[in-house]
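Coordinate analysis (summary)
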Amino acid sequence: MNQIHPLAVVDPNAQLGDNNVIGPFCVIDKNVIIGDNNKFLNNVTIHYGARIGSNNEFFPGASISTKPQDLKFQGEDTTCEIGDNNSIRENVTISRGTASKGKTVVGNGNLLMENMHIGHDCVIGNNCIIGNSTKFAGEVIVDDCAIISATCLFHQFLHVGGYIMFQGGTRTSQDIPPYVIAGKEPVRYAGVNLIGLRRRGFSNETIEAIHDAYRIIYSQGVLKDGIAEARTKYPDSKEVEYICSFIENSKRGVIR
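In what follows, the accompanying structure is described.

A few words on the environment of Cys152. Summarising the element assignment, Cys152 is placed in the loop between strand E22 (147-148) and strand E23 (153-154). Judged by relative accessible area, Cys152 falls into the buried class, the value being 0%. When the C-alpha atoms of Cys152 and Gly168 are compared, they prove to be 5.9 Å apart, with 16 residues separating the residues in sequence. In this view, Cys152 contacts Ser133, Thr134, Lys135, Phe166, Gln167, Gly168, Gly169 and Thr170; residues no more than four positions away in its chain are not counted.

Encoded structure:
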């Protein structure tokens with residue numbers, strides 16, 4: 001049974017699962033589907049097109065599935081999909097998709113801190129931590145287990161690799177490859193995220209292979225030469241292959 005505060009507004013066409021708590025002054029729009037065991041504290045707005053899983057907590061002022069901030073948007077029927085077990089803090093805004101991809105996606109187990117923004121058609125993976133007031137422009141992809149500090153700015157169409165640590169107050173218009181620490185001004189490679197990888201259970205042998213792969217790749221004047229050498233040296237490492245494939249497929253170029 002859902003607990004809906006008498007001062008909340010829930011459209012009769014919204015589909016609610018079981019055991020959700022909807023606080024005062026929340027607004028749940030039409031064409032919204034919500035799973036089970038979610039908690040919506042006061043003043044949360046869930047707009048048209050939201051698809052929300054289970055066991056999420058939304059803090060006051062969060063605004064989910066907002067109209068895209070894209071002048072090309074013509075009112076097409078798109079969605080904003082939120083997975084399970086996310087903590088979405090105060091004043092977080094997440095736009096729904098456009099005709100480009102049709103949906104914005106946030107995975108499972110993420111902590112989205114106060115006042116951060118996820119633009120249209122972004123894809124955020126699982127178990128990410130994104131700091132206060134960080135902003136993602138449209139169509140940014142963030143892989144699993146990324147840690148992004150506060151007040152960071154990400155250009156549209158970027159790809160952020162998994163298991164990274166991104167310095168607070170930093171901005172980037174280039175892709176951030178996996179497993180690294182990125183920071184300084186302008187943003188650049190600042191080593192491998194050793195502490196983060198150890199906390200996630202990576203072995204010393206795997207961490208050394210990652211570190212050596214970056215040494216090989218970045219020591220070459222031409223990245224593709226370094227990629228070929230790293231693959232030759234570590235043919236069976238899925239982590240090294242992830243690095244190499246990420247850099248090869250980068251459309252905006254990677255930090256160095």
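Now that the structure has been shown, we can carry on.
As for its placement among the helices and strands, Ser63 is situated in strand E11 (residues 63-66). Apart from residues no more than four positions distant in its own chain, Ser63 is found in contact with Thr45, His47, Val92, Thr93 and Ile94. Within the local environment of Ser63, its side chain forms a polar contact with the side chain of His47, the two groups lying 2.8 Å apart.

The parallel open sheet is built from 8 strands, whose spatial order is E3-E6-E9-E12-E15-E18-E21-E24. Whereas interior strands pair on both sides, the edge strands pair on one side only; in this sheet they are strand E3 (15-16) and strand E24 (159-160). As paired strands, strand E12 (residues 79-82) and strand E15 (residues 103-106) are joined by 4 bridges and run parallel to one another. Residue pairing in the sheet places Thr79 in a bridge with Lys103 of E15.

Taking strand neighbours across the sheet as the criterion, the 11 strands line up as E1-E4-E7-E10-E13-E16-E19-E22-E25-E27-E28 in an open arrangement whose pairing is mixed. Either end of the sheet is taken by a strand with one partner, and the two such strands are strand E1 (3-4) and strand E28 (188-192). The sheet contact formed by E1 and strand E4 (residues 21-22) spans 2 bridges and is parallel. Paired with Ile4 across the two strands is Ile22, which belongs to E4.

Procedures and definitions
Residues numbered from 1 in each chain as written. Predicted model: local features only at pLDDT ≥ 70, side-chain atom pairs only at ≥ 80, totals over all residues. Heavy atoms only, no water. Helix = DSSP H or I, 4+ residues; strand = E, 2+ residues; numbered from the N terminus. Buried < 20%, exposed > 50% of the residue type's maximum accessible area, 1.4 Å probe, protein only. Contact = heavy atoms within 4.5 Å. Polar contact = N/O pair within 3.5 Å; in protein donor to acceptor, adjacent residues only side chain to side chain. Pairing = 2+ DSSP bridges.

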